[in-house]
There are 4 protein chains.
Amino acid sequence: MAKYMLEDKAHEECGVFGIFDRSGENTVVFDTYMALYALQHRGQDGCGIVVNDSGIMRSHKDFGLVPEVFNREHIDKLGSGQIAIGHALYGASLMQTRSNVQPMMVRHVKGQMALCTNGALMNAAGLREELELGGAIFHTITDAEVIAYMITHERLSAPSIEAAVERAAGKLRGAFSALIVSPQKLIAMRDPEGFRPLSMGKIGEDKIVFASETCAFDSIGATFVRDLLPGEIVVVDKEGERSITTHCGSRGHVCVFEYVYTARPDSVVEGMSVHKARQRAGAFLAIEHPVEADVVIGVPDSGLDAALGYAKQSGIPYGVGFIKNRYIGRTFIQPTQVQRETAVRIKLNAMAETVRGKRVIMVDDSIVRGTTSIPTVRLLREAGAKEVHMRVSSPPFMNPCYFGTDIDSKDKLIACRMSVEEIGRHIGVDSIGFLSIDSIKKIAEGAHCDFCIGCFTGQYPVEVPESIPVCKFEQKLPKTAGSGENAR
Amino acid sequence: MAKYMLEDKAHEECGVFGIFDRSGENTVVFDTYMALYALQHRGQDGCGIVVNDSGIMRSHKDFGLVPEVFNREHIDKLGSGQIAIGHALYGASLMQTRSNVQPMMVRHVKGQMALCTNGALMNAAGLREELELGGAIFHTITDAEVIAYMITHERLSAPSIEAAVERAAGKLRGAFSALIVSPQKLIAMRDPEGFRPLSMGKIGEDKIVFASETCAFDSIGATFVRDLLPGEIVVVDKEGERSITTHCGSRGHVCVFEYVYTARPDSVVEGMSVHKARQRAGAFLAIEHPVEADVVIGVPDSGLDAALGYAKQSGIPYGVGFIKNRYIGRTFIQPTQVQRETAVRIKLNAMAETVRGKRVIMVDDSIVRGTTSIPTVRLLREAGAKEVHMRVSSPPFMNPCYFGTDIDSKDKLIACRMSVEEIGRHIGVDSIGFLSIDSIKKIAEGAHCDFCIGCFTGQYPVEVPESIPVCKFEQKLPKTAGSGENAR
Amino acid sequence: MAKYMLEDKAHEECGVFGIFDRSGENTVVFDTYMALYALQHRGQDGCGIVVNDSGIMRSHKDFGLVPEVFNREHIDKLGSGQIAIGHALYGASLMQTRSNVQPMMVRHVKGQMALCTNGALMNAAGLREELELGGAIFHTITDAEVIAYMITHERLSAPSIEAAVERAAGKLRGAFSALIVSPQKLIAMRDPEGFRPLSMGKIGEDKIVFASETCAFDSIGATFVRDLLPGEIVVVDKEGERSITTHCGSRGHVCVFEYVYTARPDSVVEGMSVHKARQRAGAFLAIEHPVEADVVIGVPDSGLDAALGYAKQSGIPYGVGFIKNRYIGRTFIQPTQVQRETAVRIKLNAMAETVRGKRVIMVDDSIVRGTTSIPTVRLLREAGAKEVHMRVSSPPFMNPCYFGTDIDSKDKLIACRMSVEEIGRHIGVDSIGFLSIDSIKKIAEGAHCDFCIGCFTGQYPVEVPESIPVCKFEQKLPKTAGSGENAR
Amino acid sequence: MAKYMLEDKAHEECGVFGIFDRSGENTVVFDTYMALYALQHRGQDGCGIVVNDSGIMRSHKDFGLVPEVFNREHIDKLGSGQIAIGHALYGASLMQTRSNVQPMMVRHVKGQMALCTNGALMNAAGLREELELGGAIFHTITDAEVIAYMITHERLSAPSIEAAVERAAGKLRGAFSALIVSPQKLIAMRDPEGFRPLSMGKIGEDKIVFASETCAFDSIGATFVRDLLPGEIVVVDKEGERSITTHCGSRGHVCVFEYVYTARPDSVVEGMSVHKARQRAGAFLAIEHPVEADVVIGVPDSGLDAALGYAKQSGIPYGVGFIKNRYIGRTFIQPTQVQRETAVRIKLNAMAETVRGKRVIMVDDSIVRGTTSIPTVRLLREAGAKEVHMRVSSPPFMNPCYFGTDIDSKDKLIACRMSVEEIGRHIGVDSIGFLSIDSIKKIAEGAHCDFCIGCFTGQYPVEVPESIPVCKFEQKLPKTAGSGENAR
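Criteria and cut-off values
For every chain, the first residue of its written sequence is number 1, and the numbers climb from 1 along that sequence. Throughout, the order in which chains and ligands are written sets their labels, letters from A for the former and numbers from 1 for the latter. The predicted origin of the model limits local features to residues at a pLDDT of at least 70 and limits the giving and counting of side-chain atom pairs to 80 or more, whereas totals for whole chains, interfaces and linings rest on all residues. For side-chain calculations, the full set of non-hydrogen atoms in the structure is used, while hydrogens and water are omitted. Only DSSP runs of H or I covering at least 4 residues are called helices, and only runs of E covering at least 2 are called strands; the numbering of each starts at the N terminus. Each radius of gyration reported is based on C-alpha atoms, and the globular scaling rule is 2.2 Å times the count of residues to the power 0.38. Three labels apply to residues, based on accessible area from a 1.4 Å probe with only protein chains included: buried if under 20% of the type maximum, exposed if over 50%, partly exposed otherwise in between. Between two residues, a contact is recorded if the distance between any of their heavy atoms is within 4.5 Å. Shrake-Rupley sampling with a 1.4 Å probe provides the accessible areas, and residues are treated as covered by the protein chains on show and by no other component. Charge counting follows a simple rule: Lys and Arg are positive, Asp and Glu are negative, and His as well as the terminal groups are ignored. To locate a charge, the coordinates of NZ of Lys, CZ of Arg, CG of Asp or CD of Glu are taken. Note on definitions: buried area is the accessible-area loss of two parts on being combined, 1.4 Å probe, summed for both. Each reported salt bridge corresponds to a side-chain nitrogen of Lys or Arg within 4 Å of a carboxyl oxygen of Asp or Glu. A 3.5 Å cut-off defines polar contacts: any pair of N or O atoms within that distance qualifies, except that in protein one atom must be a possible hydrogen donor and the other a possible acceptor, and neighbouring residues in sequence count only when both atoms are side-chain atoms. Throughout this entry, Asp, Glu, Lys and Arg are counted as charged residues, while Ala, Val, Leu, Ile, Met, Phe, Trp, Tyr, Cys and Pro are counted as nonpolar. The remaining residues, Gly among them, count as polar. The superposition of copies rests on a least-squares fit of C-alpha positions from residues with pLDDT of 70 or more in both.

Draft legend 1. Broad picture of the overall build of chain A. Within chain A one finds 16 helices and 24 strands. Taking 488 residues into account, the globule formula puts the C-alpha radius of gyration at 23 Å, and chain A, at 23 Å, falls close to it. In terms of overall dimensions, chain A has C-alpha extents of about 70 × 45 × 45 Å along its principal axes. Each of the 488 residues in chain A was classed as buried or not, and the buried ones make up 67%. Here the analysis covers contacts within chain A between residues at least 6 apart in sequence; of these, 72% occur between residues at least 24 apart. Counting every atom, chain A has about 16,100 Å² of accessible surface; 48% of that belongs to carbon and sulfur. Charge separation in chain A, taken as the distance between the mean sites of 54 positive and 59 negative side-chain charges, equals 2 Å.

Draft legend 2. Region of interest: the interface of chain C and chain B. Contact with chain C, which involves 51 residues of that partner, is made by 51 residues of chain B. Both sides of the chain C and chain B interface together cover about 4,200 Å² of buried area, and 63% of this is carbon and sulfur. Among the residues of chain C in contact with chain B, Y37(C), Y327(C) and I333(C) are the three that bury the most area, contributing 18% of the side total. Here chain C and chain B share two salt bridges between them. Measuring nitrogen to oxygen at the nearest pair gives 3.9 Å for the salt bridge that ties E353(C) to K276(B). Connecting chain C to chain B are twelve residue pairs in polar contact (both at pLDDT 80 or more). Per-element tally for the side of chain C that touches chain B: the top contributor is helix α1 (residues 28–39) of chain C, with five residues. When its residues are assigned to classes, the side of chain C that touches chain B shows 24 nonpolar, 16 polar and eleven charged.

Draft legend 3. Structural detail: unusual backbone geometry. Cis geometry is found at the peptide bond from Q102(A) to P103(A), where omega equals 0°. Looking at the secondary structure, you find P103(A) in the loop between β4 (83–89) and β5 (104–108). Of note, the amide linkage connecting P300(C) to D301(C) takes the cis form, showing an omega dihedral of -10°. Along the polypeptide, D301(C) turns up in the loop between β17 (295–298) and α10 (304–314).

Draft legend 4. Region of interest: the relation of the copies chain A and chain D. The two copies are related by a screw operation: chain A maps onto chain D through 180° of rotation and 0.0 Å of translation along the axis, at an RMSD of 0.0 Å. Such values leave the two copies arranged in the relation of a two-fold axis. Residues of chain A ranked by C-alpha distance from the rotation axis are headed by R326(A), positioned 3.8 Å from it.

Draft legend 5. The interface of chain A and chain D, seen in detail. Contact with chain A, which involves 51 residues of that partner, is made by 51 residues of chain D. Buried surface at the junction of chain A and chain D, both sides included, amounts to about 4,200 Å², of which 63% is carbon and sulfur. The three residues of chain A that bury the most area against chain D are Y37(A), Y327(A) and I333(A), which together make up 18% of that side's buried surface. Applying the counting criterion to the chain A and chain D interface returns two salt bridges. The tally of links from chain A across to chain D stands at twelve residue pairs in polar contact (both at pLDDT 80 or more). Put simply, the parts of the chain that give the side of chain A that touches chain D at least two residues each are α1 (28–39), α3 (72–78), α7 (215–219), α9 (274–288), α10 (304–314), α11 (340–347) and α12 (352–355) of chain A. Considering each element in turn, the side of chain A that touches chain D owes the most residues, five residues, to α1(A). Here the residues of the side of chain A that touches chain D sort into 24 nonpolar, 16 polar and eleven charged.

Given below as structure tokens:
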């Protein structure tokens, strides 16, 4: 798809936002709309809002970006209410029908329920089968529907919706941040490992908000209160907030890739600034893979912070190496005759002023297939760069993710097919260096939890179906690979 | 809504179409698309198609007319297949979300299933509650979902999908024509009373089709084979067609309003031409409510056939009394300042040439609220009609319909608030006459089944929740009511 | 284009509407919008409105039908005003760019001017060349721009806009009904032969309206005042209305095809009801081409009136022979594999009930290429018609039209390639009969002017560039052609 | 409009692109489409393309961004050709109708002509009046139409289109870069002062391209050849390129604001890198307005380069101070109840990590009304900045621009209402400093031409209608204004 044209990134699945308003100001729909803009980077394939107005729920959702899905009329029709949740979806390629766009709104024995989720359930297939053997029918292929069923089943005997959520949570495995709306309550739930971030905030004293990322709070003038504990369930109703900690215990393992690429740099995940973590990753890179050079540049937008960190650590000046065209979107008409490799120049332009005649260090946050790195490097060469040294602020991807990040299949992962040295040659750089496993563990040091780095190491914080790596290929890190004089 | 602006009709819920193609010609999507155009009059609020391509199902559906919902791209994406079903939906006002648009596509323990229905289930609420008590969740407010669940539950123990359908059918009450697609089969089901028509046809030897109305067959060059028996289930797969008649028995009672208004005049329902039935209704009207006049006109489009019948029977010349603007659609911008009663002239124009200085008999098929009759009669007066005698080719609505026709609530039904004479005065006609109960029973005489005329009489072919009429008001028919000299 | 799919008609170019409101009620935009709906049949390719609000003009126009071009927002943006004109365009195939959609709004030495036209200027090419030799540039290929230039040039020396219009009119040849808006005035102009109708009406005492057809008056509650005289110019401003009759003289020759096909049946053209003229044409047909038969049917919609006339004259019963699908529009996706001849069934369905086993007289208003007659007749045969006798309520087209009707080129006109007998065989009817030249002259007898019948006879009311017929082929009329027993 | 929500910038009018292809590769439409993406920042209100295919011209244009105006179908319909021009329009607020979107396509005595322009004609009103007195009519309010007329008039007697362009150019005053397409030729014209940049490039040997900015060349793989000389006319046809230098002479005065804000940083204007000029402006700012601080940040996107320059010059670390939401576009639904000042947080978020507890230097490129600076500064304060020192990389706007940049009217220009010190207090910063006039003259030192800095000084390179400044207020620069300890 043109949307992801020229992108070579591993994406996370989705962002969630929820609000409970006791103030009677009726801003929940608009607040959710604005928060979805702030979470748009987590999912650009679809979005939706459900509002609960005194027990009556209304919903609007569709494929597309927030500005494509919502116009004034939709916002007006959603109307006023006391509770709302919103969802930004990544992953439309798998989802042919709109029913898969969240939030999901269903009716069960106790009335209506809406929910949206973030992450990936490891035991979804098994739970689905069990439910189907009990006569269940599924309208979607989402984890959200599995979770909805699990809660509904528990609700048959549980004294309250939160009790049902608590019991259901005990049967779910994997990453499952979720927001649930019942006729009277808003419930936030985070899985016991806390794979995906989920924070609580407030606006004034009467509005409680939840979001996948704190940047959503800033966009609506909310104040950060705290992150949910791994395994915590928070229930909000007219009376106040209550925490259920039955499933808490572990210190948790938040996905380290949130710091590397997924989260917005202005978000704070588990107490650690994403921007700071990226700068640190760049600084570690500078220590692990030094090279004599004249300028450090980042590949926009996700490589910029690490480039700044690399520059500061190394003392080599930071420069603007690329200009990114902000108008190229999913509706760009890709010419059939144009090669992928030449097409990159539509989106990126090298800044000759910065790189001409220079030895350039080009920092990017990750490499998945390596496809866009080739033409990107070529742009620098054409703009007159004398040397190009690539530095990647994360280790190579070599293992599957079971928790919501869509690492490519192994036959497409470049690090499963080539050694680091071969990758450098393939991409056409004078040297290349990836961040080491040791360093990636430290980029967010000081955060309130540990990290999942399974995609790099194959070691996951929970038992996984098969812990075999995506590829057998063994990468030896962190040697800087390259043939140029400056590469050592 | 502007869409139904100036309409005063009771609408039926929906039309269905299905096709099983053994020829390998891959026309099922396009055939369904064309058939939906032919069934569009049965539902203009939404439509959809599901195609089954060797067990893989794809779906596209949305609110709107066929040309609004389907463009070339959608048709191309649905692609090829061996089985397809389509649905034209009436009733969007009740249905806020797209999930309610049919066909419904779900996954259950045995794989995927798609289905669409026509009519109204009388025991839907009860079945829903039962299912919810078993842990079921509902995404929609449709009968289709209840039926899907019933089939799925039976399928847990039934040896085949058709056996599950057969068992489920035994638990459903009311009107429930349905088409069901399993990975290998297309199944058509009609309720034991046959409230809604459902016919089988074929194209060549290798394509079997089903449709709510035979006009859909004509649109795709299919040949009518036969109507499904009330209660019959027909299973089509690669091997051929099989009939399950467990639930057959009664001669059936098809909704008489199909002949009066719902069906297209070129359709044949239970062996009886709709056009002929309408002409007959007009002829009976002429016998029951004669009046000296110069010209007989119909209110377009549904009153035209009866007007022709009245004219032929009475010997009074038939004339074109109104021109209807074909371009006024749901997107017409209704001026806020314009009165409903003056707005009718945007849609209808009286033909002065036909009515000027004449005693006019104006035939319409039914009156629900009476709202549009007032301005329509005024148009004739303004165009110079000397007298206006209204004749209605059905009896007054006085009872609820439990089987899929949305008779208005009693406080809006004009016949529940006024005597026939009062209605005539209210509408401003010189005389008025409704078709008698006796005659309505005979308009489709010769059809293969009996008729449900419960909305007129309060006598239904099956036990209904409460057989009290919508209104207590007792209409005395069939006296022609009017004060004019010509009215007797 | 799918829009004209299955159509075999000669179309007229465009409809115009104008309003001058002294009441201060600010309804001119909405009135124009509604009037365009009533004139939509005259042009479905584009439309537009210009409003003059105290000298400030605003415009909205685009390709498409009225409901496609105008939504609430557009209407609101046009806002209030005292003068408005609107245009319904036929002929987009020639017009690649939106600039060609009318009304045209320009600035000249005396300020702004908007205008729209109806018809075809015979000397447009010559005037264009003259103007270009003086340095003029043209943004469009419309006659409207030529007329705008002619008026502007005269305005340089004329004392008023109406004087400029008067002088310019003296230099224009052909059909040119036009409405012109200056900062203070609304001016209506009709060419000296009055090829195209143009009527004046009023709403109350303070609103003066002009329209191509009187049906537009009915749609907005306006009263017909009178037709403009051929050659007349009417000037409306705050003071009142004034008539300029310098160019009047001839009794005029309105296009007879307005009565046959172009105008809406509820319009009155030059004092003669279109509906009545069509019935008369049918009656003449019955006299000229009698045949023993069981039923008379019309091809919807334009053949219905003549069929009724034929039936009444002949005493053979009138029946409903076809049902037309009202939902098939320009967005219908035509299957590539479907033959044109089988595709007609998507749009039309024969009413078996009416024609089965019958000898059918099928009346249509005209035949251009004959392409759709073949499948239409086949529908009747398939529905069981025993005999099909085609009657056409106009003579064969054999000559070009210079005045705004797009008669096909001679190699496509069926009457230029075949004798009437051959046409009948080609179409597959048992007999065929066209209305005679003598009769076509009489269908609107009693109108206030004479008729242009040049497309049938090659004799035009004004000198034309080359009066040679489209084809040399000589048709001998009015013999009924056919081989069946009933054909004589 | 929401599009420019929270923007406080002076915009330039439009970007142009043209291509002549002798290779027969038929890529001109697609190349133009891609180039318009690269020029989108110069005009986001509308865009269009005209293609010349062997003398036949086709056009598509509309209000909106490139991805909104062009889809696959439009590109396909434009088809192949040898010449194409494209235009990105700024200024829709003035332009109610689509006719004002360029390129303009007209017919004149010698055939078709298309053209598009960039800049503002000073004597447009006078020329218009002259032309109107000769009978001309205007469809638009664009300079393009005036230029088209001037060329057409000269063409009546000139031996060739280029001779006509040459003669017309002699009568035009002001800024008028233009591209003109005749049936055989592509002509590029730049005004004698060269107010707006216009460059020539090539793709291979057979494709000649022209663009307002060199970044358009990079996007399509074209090589920069040279800038047009001020006053130069370049004619391209099948034979080759020819230069007409009749109007050349002055060294030219390119708009200095192109370097400050208008042009893309990766463009090279008159031999000088825009990125470099901005960094220099930042460096000069650091010299003129030093302050003790902990971090230098830029307001995205236009303040980033100058911030980097300031940081390097001052030795104070560069930091990322704001994250800009890339998804907020023109369709953002602005809440009525939200204050402009609080709304900025939807688009910008301050990076607490960077500014918390710090003395911050915030660099922006210009201040027009000062409206967005207030909430932007507030974001920094809320994020914990201890001090905020604003530095502006251009002098205050105090005079009108006659050459295509829309400086606000004086009652809205903040520098016309307040002293620099007052501005600083109004905005809420600890100190503020604008770049001096002396320094702005030097930011692009080394460029091939001189600069127009009239908007800052009131001294223009050509005589202007009235050289009085927008405001009488006299700013005393370049003192740093501020009350904080660090401000001197």
